[in-house]
Amino acid sequence: MPYVMVQIPNTPAPTKSPVPRPVPTSADVARLAGVSRATVSYVLNNASAVRISEPTRRRVHEAAKELGYVPHAAARTLRAGHSRMVLMPTLPVPAGPLYSQFVHDFQGALSRLDYTVVQYGATGLRGDEAARAWAELRPVAVLVPSPGIGPEGVAVLKRSGARAVVTLGPEAVEGARALLLDHADVGRSAAAHLYARGRRRIGVVVPAERGMEIFSAPRLAGSREALHGTDATVTELSLAYTEESAAALAARWPALGLDAVFAYNDEYAMLLMRALQSAGVRVPEDVAVIGADDLMLGRLLRPRLSTVRIALPSGRDLASLVDRAVRGPAAAPESHEPFGVTVVRRDSS
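First things first, this report covers the structure right here in the doc. Bear in mind the structure is a predicted one, so any value in this text is a computation, not a measurement.

### A look at the pattern of salt bridges
In this structure the tally under the stated criterion is 13 salt bridges. Linking D286 and R282 is a salt bridge whose minimum nitrogen-to-oxygen distance equals 2.9 Å. Through salt bridges with shared partners, a single ionic network connects D294, R299, R309 and R346.

### Comments concerning the sheet that holds strand β6 (residues 201-207)
In a beta sheet, neighbouring strands pair by backbone hydrogen bonds and run either parallel or antiparallel. Taken together, the four strands give an open sheet; going across it, the order is β7-β6-β8-β9, and neighbouring strands pair in parallel fashion. Only two strands of the sheet have a single neighbouring strand rather than two, namely β7 (233-239) and β9 (288-290). Here the strands of the sheet are splayed against their neighbours by 25 degrees on average, with no regard to which way each runs. Two strands pair when backbone bridges link them, and β6 and β7 are joined in this way by seven bridges, in the parallel orientation. Across the sheet, residue I202 finds its bridge partner in β7, namely V234. In the packing of helix α8 (residues 184-196) onto the sheet, the strands contacted are β6, β8 (260-262) and β9, and the crossing angle to β8 comes to about 165 degrees.

### Topic: the packing of aromatic side chains
On inspection of all chains with the given rule, the structure shows two aromatic pairs. Measuring from ring centre to ring centre gives 5.6 Å for Y264 and Y268, while their planes differ by 85 degrees; the resulting arrangement is edge-to-face. With respect to burial, Y264 and Y268 carry one shared label: buried. Chaining the aromatic ring pairs together yields one cluster made of Y241, Y264 and Y268. Of note, R84 hangs over the ring of Y115, and the distance from its end group to the ring centre comes to 3.9 Å. The cationic tip of R200 hangs over the ring face of Y195; the distance from NZ or CZ to the ring centre is 3.7 Å.

### Section: the pairing of β6
With respect to burial, β6 is a largely interior element, six of its seven residues being buried. Alignment of β6 against β8, held across three bridges, turns out to be parallel. For V204, the partnering residue across the bridge sits in β8 and is F262.

### A short note on unusual backbone geometry
Across the junction of V283 and P284, the peptide omega takes the value 10 degrees, indicating a cis bond. Relative to the assigned elements, P284 resides in the loop between α12 (266-278) and β9. The step from R302 to P303 runs through a cis peptide bond, and the omega angle for that step is 0 degrees. Along the chain, the position of P303 falls in the loop between α13 (296-300) and β10 (307-311). In this structure, Y264 takes a positive phi of about 75 degrees despite not being glycine. Tracing the backbone through its elements, the reader meets Y264 in the loop between β8 and α12.

### Brief notes about helix α14 (residues 315-327)
Taking 1.5 Å as the rise per residue, α14 with 13 residues should run 18 Å; its terminal C-alpha atoms sit 18 Å apart, in good agreement. Of the positions making up α14, those classed as buried are G315, L318, A319, L321, V322, D323, A325 and V326.

### Quick word on the packing of helix α2 (residues 37-44) against helix α3 (residues 54-67)
Each pair of packed helices can be described by the angle between their axes along with the distance between the axes. Interaxial distance between α2 and α3 falls to 10 Å at its minimum, and their mutual angle equals 90 degrees. As judged from the angle between their axes, α2 and α3 are roughly perpendicular. Contacts between α2 and α3 pair T39, V40, V43 and L44 from the former with T56, R57, V60, H61 and A64 from the latter. Across the contact of α2 with α3, the residue classes tally to five nonpolar, three polar and one charged.

Reading the values: the criteria
- Residues numbered from 1 in each chain as written.
- Predicted model: local features only at pLDDT ≥ 70, side-chain atom pairs only at ≥ 80, totals over all residues.
- Heavy atoms only, no water.
- Salt bridge = Lys/Arg side-chain N within 4 Å of Asp/Glu carboxyl O.
- Pairing = 2+ DSSP bridges.
- Helix = DSSP H or I, 4+ residues; strand = E, 2+ residues; numbered from the N terminus.
- Axes fitted to C-alpha atoms, helices over the stretch in contact; angles between N-to-C directions.
- Contact = heavy atoms within 4.5 Å.
- Phe/Tyr/Trp six-rings, centres within 6.5 Å; stacked < 30°, edge-to-face > 60°.
- Buried < 20%, exposed > 50% of the residue type's maximum accessible area, 1.4 Å probe, protein only.
- Lys NZ or Arg CZ within 6 Å of the ring centre and 35° of its normal.
- Expected span 1.5 Å × (residues − 1).
- Parallel < 35°, antiparallel > 145°, perpendicular 65-115°, else oblique.
- Nonpolar A, V, L, I, M, F, W, Y, C, P; charged D, E, K, R; others polar.

In structure tokens form, the structure reads like this:
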């Protein structure tokens, strides 16, 4: 009878998975620091109503760091009735460098005031429906960076514990504090500048990307308003942010007969200006070009790009406004107008 050798692999005996370490609690921190749980809570929640010596604060922080203890945000919210979270819904369109810098400064200023900024992205949610989704997170404040929330949405947020709702848009919303940002004034300033430079057949770029109309529509309307009753004409120009779209528009330029263009912002202006130059259209001899936002790259172009400089509120000022609203939620909501525009004339116009 033949024999068959079978090699059995030497499989090590299964080892037990390590027992997970228990999640550290405030009681563990208190024992290690030699203080009460109440003291731990006062220190880690930055309570200002109780005076605690600096050595004690240091011991608590060192103990929490050694144990890897992090306060439970939800529990803290339940105890206080509100969180330290400031919610910022993200824009429905890609944010440019100017807005990104504004958000960065705002987040830094709020962090120094012991708030946590959370950016919330919710595709497809708008208006009061979005407000209900934001309310589920129980923020202490909400900064709405675009129009779309109504009085009912503000009421929903406040019923959920939000002490401050601040909107950034062209109109105030009942119940909310407002920073009035008039994008129509950007279009008015750009068109008035081109008219003053002797241009009469003016194109205005409207980005083809979905969602951009919340900014581009008022800029187009402002341009038309500035030139209403003059001998100038305004032509709406759809442009996607691609080289192909810019090249196609530049190829049609002779047929359009335009001698100037307000290109929505600096990014679209740089894209279009490059395409025009490649098509043999001279800037500014054949067509004057102006953008908006005053980006540094516009100053490096040749010819240097004229632009509309937009004065957004500083991150520190806006953080201070949010903090005042959180501390005094009963105060009547007010409106502020920090939005200022200035034409910066350079070589392209």
